[in-house]
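Below, each chain spelled out in residue letters.
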Amino acid sequence: MLVAWQFLPLLVAFARDRRRFLLFGRSRRVDPETHRHRAEVLLESLLTLGPTFIKLGQLLSTRPDVLPPAYIDVLSALQDDVPPAEWAEAKVVLEDELGGPLEDHFVEFETEAISGASLGQVYRARVDPDAVADDEAAVGGTERATDADAADDAGREVAVKIRRPNIEELVNADLRVIKWSLPILLTFVDESRSFSLENLADEFSKTIREEMDYEREAEMLQEIRGNFADDDRFVIPDVIESHSGPRVLTMEYVEGTKINDVEELERRGIDRTRVAENLERSYLQMIIEDGVFHADPHPGNLAVTDDGRIVFYDFGMSGRVDSFIQEKIVDFYVAVANQDIDGILDALIEIGTLSPDADRGVMAEVMEIAIQDARGEDVEQYRINQIVGQIEDSIYVFPFRLPKNLALVLRVATVVEGVCVTLDSDFDFIDTATNYLTEQGYREETARQYVRETGQQLRRSGESLTRLAPKTERTLDRLDRDDLFVRIGVEDEEKVFATLAKRLIYGLLLTMSLFSMGVLYALEAPEASVVAAVFSVLVTIQLYRSFREPRTTRVKPQFTRQNLRQRRDEK
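Residues numbered from 1 in each chain as written. Predicted model: local features only at pLDDT ≥ 70, side-chain atom pairs only at ≥ 80, totals over all residues. Heavy atoms only, no water.

Colleague: Now, about the packing of helix α12 (residues 272-290) against helix α13 (residues 323-337): what can you tell me, with residues and values included?
Modeller: With their axes 8 Å apart at the nearest point, α12 and α13 run at an angle of 125° to one another. Judged on the interaxial angle alone, α13 and α12 are oblique. Contacts between α12 and α13 involve Leu-284, Ile-287, Ile-288, Glu-289 and Asp-290 from the former and Gln-326, Ile-329, Val-330 and Tyr-333 from the latter. Across the contact of α12 with α13, the residue classes break down as six nonpolar, one polar and two charged. (Axes fitted to C-alpha atoms, helices over the stretch in contact; angles between N-to-C directions. Helix = DSSP H or I, 4+ residues; strand = E, 2+ residues; numbered from the N terminus. Parallel < 35°, antiparallel > 145°, perpendicular 65-115°, else oblique. Contact = heavy atoms within 4.5 Å. Nonpolar A, V, L, I, M, F, W, Y, C, P; charged D, E, K, R; others polar.)

Colleague: Residue-level account of the pattern of salt bridges, with values.
Modeller: Scanning the entire structure with this criterion turns up 24 salt bridges. Its salt-bridge partner being Glu-210, residue Lys-206 comes within 2.8 Å of it at the nearest N-O pair. You can see Lys-206 and its partner Glu-210 sitting in helix α9 (residues 191-212), four residues apart, about one turn around the helix. Between Glu-277 and Arg-274 there is a salt bridge whose closest N-O contact spans 3.8 Å. You can see Glu-277 and its partner Arg-274 sitting in helix α12, three residues apart, about one turn around the helix. Counted as one network, the salt bridges with shared partners bring together Glu-264, Arg-267, Arg-268 and Asp-306. (Salt bridge = Lys/Arg side-chain N within 4 Å of Asp/Glu carboxyl O.)

Colleague: Go over a nonpolar patch on the surface with me, naming the residues and quoting the values.
Modeller: A surface patch of nonpolar side chains, about 430 Å² in accessible area, is lined by Val-530, Val-534, Val-537, Leu-538 and Ile-541. Within the secondary structure layout, Ile-541 lies in helix α21 (residues 526-548). (Patch = residues over 30% accessible without salt bridge, like charges linked within 9 Å, V, L, I, M, F, W, Y side chains within 5 Å. Areas by Shrake-Rupley, 256 points an atom, 1.4 Å probe, with all protein chains shown as cover.)

Colleague: Explain helix α18 (residues 429-439) to me, and be specific about the residues and the numbers.
Modeller: If you check which residues of α18 are buried, you get Phe-429, Ile-430, Thr-432, Ala-433, Thr-434, Tyr-436 and Leu-437. Immediately downstream of α18, the backbone of Gly-441 shows phi near 85°, a positive value. (Buried < 20%, exposed > 50% of the residue type's maximum accessible area, 1.4 Å probe, protein only.)

Colleague: Account for the side chain of Asn-301, with residues named and values stated.
Modeller: Checked against the element boundaries, Asn-301 lands in the loop between β8 (292-294) and β9 (302-304). By relative accessible area, which is 6% here, Asn-301 ends up buried. When residues no more than four places from it in sequence are discounted, the contact partners of Asn-301 are His-294, Asp-296, Val-311, Phe-312, Tyr-313 and Asp-314.

Colleague: Tell me about the sheet that holds strand β5 (residues 234-235), and please be specific about residues and values.
Modeller: Within the open sheet, the four strands sit side by side as β5-β10-β9-β7. Their pairing is mixed. The open sheet has two edge strands, β5 and β7 (257-258), and neither has a second partner. Examined bridge by bridge, β9 and strand β10 (residues 310-312) share three bridges and lie antiparallel to one another. The residue of β10 that forms the bridge with Val-304 is Ile-310. Packing against the sheet, α12 makes contact with β5, β9 and β10, and its axis sits at approximately 45° to β10. (Pairing = 2+ DSSP bridges.)

Colleague: Let's hear about the nonpolar core: which residues, and what values?
Modeller: Counting residues in each nonpolar core, the largest one holds 51 residues, and the members touching the most others are Ile-259, Leu-279, Tyr-283, Phe-293, Phe-312, Ile-329 and Tyr-333. Beyond its immediate sequence surroundings of up to four residues, Ile-329 is in contact with Ile-287, Ile-288, Val-321, Ile-351, Leu-406 and Val-409. Core analysis: the next-biggest nonpolar cluster, separate from the first, contains 23 residues, Leu-49, Ile-72, Ile-208 and Met-212 among them. (Core = buried A, V, L, I, M, F, W, Y, C linked by side-chain atoms within 4.5 Å.)

See the structure below:
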């Protein structure tokens, strides 16, 4: 009931946007201020409903195919920062998970959380380095044992992440509410949004359960740590497996300066431009090369050591990218770098983000405007975040779709670019990405592939030319015998002919009814003339409505450069 009460006003407002009087009436235009007000109301509702719905709001902020831009802007500020649970309750979870009193596992434990989130909280502690070394040497060899030997006599400093007490029951109950509410919600949105919302509900259920599974987080962390094992530019905390489980994750504690604390970084003499470049390259490697990536790169999860190395925290939100998506992401980046509009559209269609039925001419205009608006004085100086932002703004209106495995990638791209620009306002994301792709041989491979495809096209063209002469001769022979017929089919996807026919019929009926009304009035038949007048009014209304009907189709809205710019100005 609480969920229904929180969301009912918004659902009614959305329903009235489609039909002004709920069951009938025309759709109404919603101005940007109204969208923003509704987004703020939604934000307050999510905060009121608790941890599960806070996570839902964070996921919604990554889905511009579900919500308009105003909602994305407001929900993007939703921070997963809630007061931690009472220590007595968290201690029960910790001791139950590790199997024994706290003192048996930790030399020292600070009972005040250093951070709190909707699903868990983090504490600082110290463990006996000898005990950890013995356990991990038995499991993972001597490398970790050697690291533990370096700890001081006071113990090895660690960060202990504990799942919020009783959160499983709360999340399961909230997920049931969302599942039961979804069919009702789908009645308030159009067909294209229904598809996205159903996918979003499935994705959210999977994502939040994965975030609660600290064993999975430990596996993802170790895999990513292994991928950067030989790269001293990055620090990924090691997992203390002997002190971890499904509800507790213990990692080595690595201290650093928050990555967006520009003044402190400057005071410590750290090259911020180099840090920004390293950060972008790390995510390009994770997404394009490794296929597994840290998916929550906001400044609270990134730090910089005194020697300029980047520290990654919190791998609860992490994802994987399959080889096909990796290949298409490379194609997209190369096409953007080369300002190849057709290449961008091809990559978006193949990746599943853009409908194959979309009007390529219209979408090419969208991409041209996005790149032109984002471009600086130098033709190469434009930011990927601005390009992605323009695409995000269009997803809600144009026939874009956001595949499940691409939502996190899109979020990572925008957040990382924002962090890089905070570090260096002149940082060029595209230039760094282009250099990375060139160094890794992707642009060279793309050029070779283009040459191969061009050669194959020329070969097919040559084969077609050899078949052209006989076909031309047969056609001329039929024309000479007057045996040639041309069949022409007219496609009317916009239903122009049907609309014109409807207006013609309404016009004829109106003319006849007005003429009849005049004749009946002249013959002193007032009742009949009133009936004719009412009929004339009804026909007039229908004729007027035929001119008021939308002229765009559901899958191919026709937008021009002018009204696209107007949309951006209105936001």
